[in-house]
Amino acid sequence: MEAGLQAHVAFHLTGKTQSDGLEAITGLDLRPALFAGYRDLTRLRYDFPLVLAQGAGEGRAPVQSLSAVIDGALRKIVQAGEADRLTKHALRLEREIRVLVAAGVAGSLSSLLDKAAWRPMAQADVLFRDSLARLRAALELDGEIVDCDKAMPARLLAHLWRAMQRRKARAARADIDRLVLRLSDILKADLVRSEAGRSAASLKAAFGAAHEHAFDFDAMSRLLQKAAPADTLSDSRRRRIRRLVATLQAQKFFPPPDRTTADGEFYAFAFDSAAGALDAYRERLPSMMDLAKAMAIAELEAAGAYKEERHDAFFADFATNGLDPRDAALFPDYLVRVDGGVMSAGDGARLMDILTAGLPMKVLVEIDDILEPSAAGGGQLVLGARSRQLASSAMAQGDIYVLQSPSSNLFRFRERIEAGLEYRGPALFSVFSGATGEAGGLPPYLVAAAALEARAFPAFVYDPALGGDWASRFYLQDNPQAELDWPVQSLGFEDEAHQRGAERLAFTMVDFLVCDRRYAASFARVPRARWNGHMVPVEASLGEGAEGAPETVPCLLMVDGDNRLHKVIVDRRAMREARRCREMWRSLQELGGIHNSHAQRLLTQERKAWEEQLRRTASASPAPAVEAPPPPASVAAAAAATELPEAASERKSEEAYIETPRCTSCNECIAINDKMFGYNRDKQAFIADVAAGTYRQLVEAAEGCQVSIIHPGKPRNPDEPGLEELIKRAEPFL
Amino acid sequence: MTSAATECLLRMYDEHHELEDYQSGVPRWCTGCGDNAILAAVQRLCRDEDLRPEKTVFVSGIGCSSRFPHYMKTYGFHGIHGRALPVAEGIKMARPDLNVFVNTGDGDCCSIGAAHWIHAIRYNMNMTVMLHDNQIYGLTKMQASPTSPKGLKSNTTPRGAYLEALNPLTVTLGVQNVSFVAQAVDWIPEVMYDIISAAFHHKGLSFVRIVQRCPEWLPKLLEPWLHDPEKVLLLEHEDAIRISPSLAQVYKNRRRHDPSDLDRARETASGFDPIPVGILYRNPRVPCYEELRTAAGLRSTERIRKGLEAEFDKFTVWPQQAAEGAPAE
């Protein structure tokens, strides 16, 4: 083995640099080559920062990207001739806002726009001032601006959660107020009818002071006392309604629209620990049941449908087995925010309790570092083990909404986050913030995005509301090039001869690891003079067996601060982590239906069977001569045999009858003889008892019938007088 | 929004009504009168839909047909001549939860009440309007009405009516916001029931003209139509009325008519020989006035009092201000 390769292999196997030819990467400010284009995020228009819209939930997206907000405003103001100037100024302002936000300035869109406007140009510039004023007027919304940083996931989730809570509270509150008013009206009407309500004092009080001397309330009271109403409320109903009103008015779950939960009069539902949320839930459960029960009874009372003999027993045992999910969905959901980095085993168990019990809680587990070494030793990384465990146990439960995503992808997942918040049941949001503090100069957005690209923290959603199987519930497609092990991007560069070159590079777990200072020792830079053919890209190397002395050494392409390319070789430990990461990703792929082994196995079987069948068909004797079609069966004969049966035999004309469905209920026949003719349950006439009247009456009814549907038939009594004439008259109606 | 438990309980103990539960008194209409057929069909509808009597109201104006509310054991309002529709609109506005029906005659609706009729169509409030059209003033003993055919001799037109009859269907179909127009005849009760039922289920103002016999004053007028099935044109469509096989045997003159086609509806509606029977037009997307004008918030006593005070204050003379000569605000 040549010396150069020897040194590289030695480093790869041991992680130690034994020769001068290799250089530690610490201090070189290297980053993966694919990051070359993302050195200054403030110059890029991308999803972040976000605008958390105020007054969300009124037909407007609750969260939008700054770029989209600016674009929306521009679309409204841009006119021919001024398009270039307005666009230039607007984009300039947008970049200034990015710079401010990146520097840690917080505030609303309007306040940051003000600050940004001071920076770029002299305010004296008339055209710029005009652009600013028009842009400001065209902005459709205002709200806090948040960048992709450590606090963003919690702020975004809390913002969406609050919008949802407001919607719920508004609906429930309207319902409760309506019921209170309705029940109070019932009580008021009862009071007015009562003796006390008709007393002189009460009448006087109801009248008001202006003209009270003009009336004799005693006389009025005496008069009204005489006319005692027949129906008043029963004592038990009055007591029940009063109790209901008291319960509905004392509820602490839904503040009115102009109030918040901050003043303590109403319950707060956001918690920083699972234990706190669980305690609050248990404590409030009885009042929640009471309120749900009161609302159900009040609804019946308001409709006048409450019957004590039926409903008392039902409501005595109301919700002993838990509330109906539709009723439970009326109540606020709890928001629990947990720091996955410091979560103890006890916290984790409590969280699982919440999730498996189906409590109405939305849990955000944030994790800032997925690369910390495992506590078990052995040098392995945890790769966000705790949140991964939580997510997979939750998914195994089957009825829990689970969303996992690095923070960089949260904006794209905004509708799915809302779906999780709306989901009737617990939801788990597991987020990697990217703010590891160990990534050198990389902003959290890039770290989070790198974790997604490198499959270190894949994005997925498990939504039980979408269907009954994994294929409809599990969503993995937001990961870049989800069908591959590692996403492949194209890298353009300029070579020594100043010629353009391009290479397809896979972004692997190793690229993610190299961003982390703690793993710098796993990498060594190879000076350009020592580059050799044994250095192969990591992706290619990952495919080879890990055992034995390798003939090649995996290497990474990286760039320094001046975007010059460097090659860095990788030790075995980093490669091992990459393999583990790939295994986890592959098992996720299978869940998501990508390269699913069951499906592939089935496909192979089916294909084999199909090919086999094809072969058999081909080897069979040549196609036989076309057989003559079977002689036509004696169709005609068959048809003749199944001649339609005789049309339904007509009713015998001897018997009297009425074509009841055509009766117009006009009473003509009933007026003649209401024993002989009767009405059915649709109030249409039929012959109830033909013996209850004479043939003459039948004939007269037939003649009188407006729609001529009475058929008198033949006379039953041959001795009836005048029969001959009657039979003649009946003829047209037979 | 109703809680799941309540909904379930209400369904569990749903009360069933019989035809008798909606019958009140013996109708004072003449025997043979078509009003009886309409009454029977409406009572059947109430029973089949299990309408709660206390949640149902029939409103009428003046005329034979307007005695209708007396014979329904529900709430009712026997109004003044031509004003059934404004009363019904007021009821719907205040109590959108009620099932509102209007029974009006050709004189009541198309003559003295014509202005209300036009605007009620435009308002499109959710109610079922039945125009009992016997083409004569019957209660006052035979005077010509707007729908009396040309040449009809009556107490007011002894030499025969001079004018062409007004066609309530084409008039209704010409008004903006029209959302449901149908025609029934009292001598085919099965189709009349289906039409009234469809009208009840339509959200918006459903206008059903029911051509009705008056055996007392015009016993012969409709006889040709009554006795010749060819003179009835049944309109059928999978989205409208389906004709039963037994009826189809009698009435061979049928046409497939799409109730969403307004132009075709207008054309079809203008004929009387053969007389079209069925749903002429239906558009469920027309907005209802009561929903457009629903005030947000609850009508609590305080709110009503405040509103009234504000209104009265406009006309209040403030003694002190008057004394000072200052104009009242």
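Quick caveat, the model's predicted, so the values are computed rather than measured.

About the cut-offs
Residues numbered from 1 in each chain as written. Chains lettered and ligands numbered in written order. Predicted model: local features only at pLDDT ≥ 70, side-chain atom pairs only at ≥ 80, totals over all residues. Heavy atoms only, no water. Disulfide = S-S within 2.5 Å. Domains from an automatic or database assignment. Patch = residues over 30% accessible without salt bridge, like charges linked within 9 Å, V, L, I, M, F, W, Y side chains within 5 Å. Areas by Shrake-Rupley, 256 points an atom, 1.4 Å probe, with all protein chains shown as cover. Salt bridge = Lys/Arg side-chain N within 4 Å of Asp/Glu carboxyl O. Buried < 20%, exposed > 50% of the residue type's maximum accessible area, 1.4 Å probe, protein only. Lys, Arg positive; Asp, Glu negative; His and termini not counted. Charge placed at Lys NZ, Arg CZ, Asp CG, Glu CD. Helix = DSSP H or I, 4+ residues; strand = E, 2+ residues; numbered from the N terminus. Core = buried A, V, L, I, M, F, W, Y, C linked by side-chain atoms within 4.5 Å. Pairing = 2+ DSSP bridges. Contact = heavy atoms within 4.5 Å. Axes fitted to C-alpha atoms, helices over the stretch in contact; angles between N-to-C directions.

A. Region of interest: the state of the cysteines. Under the criterion given, the structure shown has 0 disulfides over all chains. We note that Cys30(B) lacks a disulfide partner, and the nearest cysteine sulfur, in Cys33(B), lies 6.1 Å from it.

B. How the structure looks around the domain arrangement of chain A. According to the domain assignment, chain A contains domain 1 (3-37 + 510-599), domain 2 (49-147), domain 3 (170-208 + 233-325) and domain 4 (657-733). Of note, the centres of domain 2 of chain A and domain 3 of chain A, computed from C-alpha atoms alone, are 47 Å apart.

C. Quick peek at a nonpolar patch on the surface. Where nonpolar side chains cluster on the molecular surface, the patch consists of Ile304(B), Leu308(B) and Phe312(B) and spans about 290 Å² of accessible area. Looking at Phe312(B), the relative accessible area reads 52%, which means it is exposed.

D. Representation of a positive patch on the surface in the model. Residues Arg43(A), Lys88(A), Arg92(A) and Arg95(A) make up a contiguous surface patch of positive charge. Relative to the helices and strands, Lys88(A) is located in helix 3 (residues 83-102).

E. Summary view of the environment of Ala206(A). Note that Ala206(A) resides in helix 7 (residues 200-207). Residues Ala206(A) and Val192(A), 14 residues apart in the sequence, show an inter-C-alpha distance of 9.9 Å.

F. Region of interest: the nonpolar core. Leu248(A), Ile417(A), Phe512(A) and Phe523(A) are the most contacted members of the largest nonpolar core, which totals 148 residues. With 69 residues, the next largest nonpolar core counts Val707(A), Ile195(B), Val211(B) and Trp225(B) among its residues.

G. Examining the sheet that holds strand 10 (residues 427-432) of chain A more closely. All names here are of chain A. Ordered in space as 6-7-8-10-9-11-12, the 7 strands form an open sheet in which the pairing is mixed. The open sheet has two free edges, formed respectively by strand 6 (270-271) and strand 12 (474-475), since each of these has just one partner strand. Relative to strand 7 (residues 334-339), strand 6 runs parallel, the two sharing 2 bridges. Bridge assignment links Ala270 to a residue of strand 7, and that residue is Leu335. Together, strand 6, strand 7 and strand 8 (361-367) form the strand contacts of helix 10 (residues 274-302), whose direction differs from that of strand 7 by roughly 160°.

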